[in-house]
Amino acid sequence: MQIHRRDFLERTLGVCTAGACLGLSTELLAQNADWKAALTDHKLTAIETASVQMRYPRLVGKNSSKGMHGRGPNVGICRVKTQYGVSGWGAFWGGQKAAKPLLDKY
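A. Main features of the overall build of the chain. Within the chain one finds five helices and three strands. The N-to-C order of helical and strand elements in the chain reads α-α-α-α-β-β-β-α. Expressed as a percentage of the 106 residues in the chain, the buried residues total 23%. Put simply, of all contacts in the chain between residues at least 6 apart along the chain, 58% involve residues at least 24 apart. Working note: accessible area of the chain is about 7600 Å², and carbon and sulfur atoms make up 54% of it.

B. Spatial organisation of the nonpolar core. Grouped together as the largest cluster of nonpolar side chains are seven residues: Leu 44, Ile 47, Cys 78, Val 80, Phe 92, Ala 99 and Leu 102. Looking at this core, the elements with two or more residues in it are strand 1 (44–53), strand 2 (74–82) and helix 5 (95–105).

C. Quick look at the pairing of strand 3 (residues 87–91). In this sheet, strand 3 lies alongside strand 2 in antiparallel orientation, the contact comprising five bridges. Residue pairing for strand 3: Cys 78 is matched across the bridge by Gly 90. Following strand 2, the chain reverses through four residues before pairing antiparallel with strand 3; Gly 85 in that reversal takes a positive phi of roughly 90°.

D. Spotlight on the environment of Asp 104. Relative to the assigned elements, Asp 104 resides in helix 5. When the C-alpha atoms of Asp 104 and Lys 43 are compared, they prove to be 9.1 Å apart, with 61 residues separating the residues in sequence.

E. Inspection of the confidence of the model for the chain at higher detail. Per-residue confidence for the chain averages 75 on the pLDDT scale, and 70% of its residues sit at or above 70. Per-element averaging of pLDDT across the chain places helix 2 (residues 18–22) at the bottom with 44 and strand 2 at the top with 87. Every residue in residues 15–22 scores below 50 in pLDDT, and together they form ten contacts with partners more than four places removed in sequence or on other chains.

F. Region of the structure containing the sheet that holds strand 1. Sheet architecture is open: three strands sit in the order 1-2-3, paired in antiparallel fashion. Two strands lie at the open edges of the sheet, namely strand 1 and strand 3, each paired on one side alone. Going from strand to strand, the sheet's axes swing by 20° on average, the running direction of each strand aside. Two elements, strand 1 and strand 2, share nine bridges in a ladder whose sense is antiparallel. The residue bridging Ala 46 from the neighbouring strand is Lys 81, located in strand 2.

Thresholds applied
- Residues numbered from 1 in each chain as written.
- Predicted model: local features only at pLDDT ≥ 70, side-chain atom pairs only at ≥ 80, totals over all residues.
- Heavy atoms only, no water.
- Helix = DSSP H or I, 4+ residues; strand = E, 2+ residues; numbered from the N terminus.
- Buried < 20%, exposed > 50% of the residue type's maximum accessible area, 1.4 Å probe, protein only.
- Contact = heavy atoms within 4.5 Å.
- Areas by Shrake-Rupley, 256 points an atom, 1.4 Å probe, with all protein chains shown as cover.
- Core = buried A, V, L, I, M, F, W, Y, C linked by side-chain atoms within 4.5 Å.
- Pairing = 2+ DSSP bridges.
- pLDDT = per-residue confidence, 0-100.
- Axes fitted to C-alpha atoms, helices over the stretch in contact; angles between N-to-C directions.

Below, the structure is given as structure tokens:
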């Protein structure tokens, strides 16, 4: 079974469930039950956080409500690993302090 990054992160980090974030129906949530079953035995063993400098194609200037937007934001990312070698990554705004308690929880 192939596990997609978005599904992996939603279920292992508990960032949000598909139903809560997207307002999906019960029928659609039942179709995703196999993902939950596939990840039930997985336990997080490592969470690594980093910051990535995003780059806009050009310098973005002022608009009517904000000053200079610059060349791109810094985005926090998180990479998670399980004891079975499964890993995934995605945007994570909490930082290292918020990530550490998730190891005990998941």
